[in-house]
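Observations on chain architecture
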Amino acid sequence: MRIGHGYDAHRLAAGRPLVLGGVEIESALGLAGHSDADVLCHAVMDALLGAAGLEDIGHWFPDTDPACRGARSLDLLRRVSEMLTARGLVVGNVDITVVAQRPALAPHRAAMCRNLARALGCAPDQIGIKATTEEGMGFTGAGEGIAAHAVALLFPA
Ligand code: MG
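Everything numeric in this text was worked out from a predicted model, so none of it was measured.

**Here's the deal with the overall build of the protein chain**
Helix and strand content of the protein chain: five helices and seven strands. Listed by position from the N terminus, the elements making up the protein chain come as β-β-β-β-α-α-α-β-α-β-α-β. Since a compact globule built from 157 residues should have a radius of gyration of about 15 Å, the 15 Å found for the protein chain is in line with a globular shape. Overall, the C-alpha framework of the protein chain stretches about 40 × 35 × 25 Å when taken along its three principal axes.

**Notes on the sheet that holds strand β7 (residues 145–156)**
With respect to topology, five strands assemble into an open sheet ordered β4-β1-β7-β5-β6, the strand pairing being mixed. Of all the strands in the sheet, the pair left with one neighbour each is β4 (29–31) and β6 (127–132). Ignoring strand direction, the axes of neighbouring strands in this sheet form an average angle of 20 degrees. Pairing between strand β1 (residues 2–14) and β7: ten bridges, direction antiparallel. Bridging across to β7, tyrosine 7 finds its partner in histidine 149.

**Describing helix α4 (residues 109–120)**
The end-to-end C-alpha distance of α4, which contains twelve residues, comes to 16 Å, matching closely the 16 Å that a straight helix rising 1.5 Å per residue would cover. Residues Met112, Cys113, Asn115, Leu116, Ala117, Ala119 and Leu120 constitute the buried set of α4. The secondary structure elements touched by the buried residues of α4 are β2 (18–20), β3 (23–25), α1 (39–51), α3 (73–86), β5 (89–99) and β6. Where α4 ends, the next residue or the one after it, glycine 121, has phi of about 65 degrees, a positive value.

**Points about the packing of α1 against α3**
One way to put it is that α1 packs onto α3 with a least axis distance of 10 Å and a crossing angle of 10 degrees. In terms of their interaxial angle, α1 and α3 are classed as roughly parallel. Judged by residue contacts, Cys41, His42, Val44, Met45, Leu48 and Leu49 of α1 engage Ser73, Leu74, Leu76, Leu77, Val80, Met83 and Leu84 from α3. Among the residues making up the contact of α1 with α3, the classes are represented as eleven nonpolar, two polar and no charged.

Rules used throughout
Residues numbered from 1 in each chain as written. Predicted model: local features only at pLDDT ≥ 70, side-chain atom pairs only at ≥ 80, totals over all residues. Heavy atoms only, no water. Helix = DSSP H or I, 4+ residues; strand = E, 2+ residues; numbered from the N terminus. Rg over C-alpha atoms; globule rule 2.2 N^0.38 Å. Pairing = 2+ DSSP bridges. Axes fitted to C-alpha atoms, helices over the stretch in contact; angles between N-to-C directions. Expected span 1.5 Å × (residues − 1). Buried < 20%, exposed > 50% of the residue type's maximum accessible area, 1.4 Å probe, protein only. Contact = heavy atoms within 4.5 Å. Parallel < 35°, antiparallel > 145°, perpendicular 65-115°, else oblique. Nonpolar A, V, L, I, M, F, W, Y, C, P; charged D, E, K, R; others polar.

Right under this line is the structure:
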């Protein structure tokens, strides 16, 4: 088996949608970025790429590439999944922690798990999504941004 870790953070900004795990969440502020800035999907992609021994998300989907502008990160995740399949790897499980002062993510957790499972061709119970605050400390606590950590386990197909 192979294990990978991913981390990402994006700045919160006005006039942007808040997309996490492919779910658009009602929020006054959204995440700034070249793509839809889905920080959860980005952390998962880097965990999967790392587990596969491949270059990171910035290599495959550079923010200088006009094709990635406004891209749905769930679609990019699907492309990572295809890369794993091509290398004879399947997902064992993925576990994610989103760090955000607000909004509450619990109401969206099941939909996010379903989205990720569909993109990765696995079952929703192979995806763990947890959310925490940092109790007002640091950039997530100040509401300046949202961060996400992910670990992924891959097996030979
Ligand atoms: Mg990112």
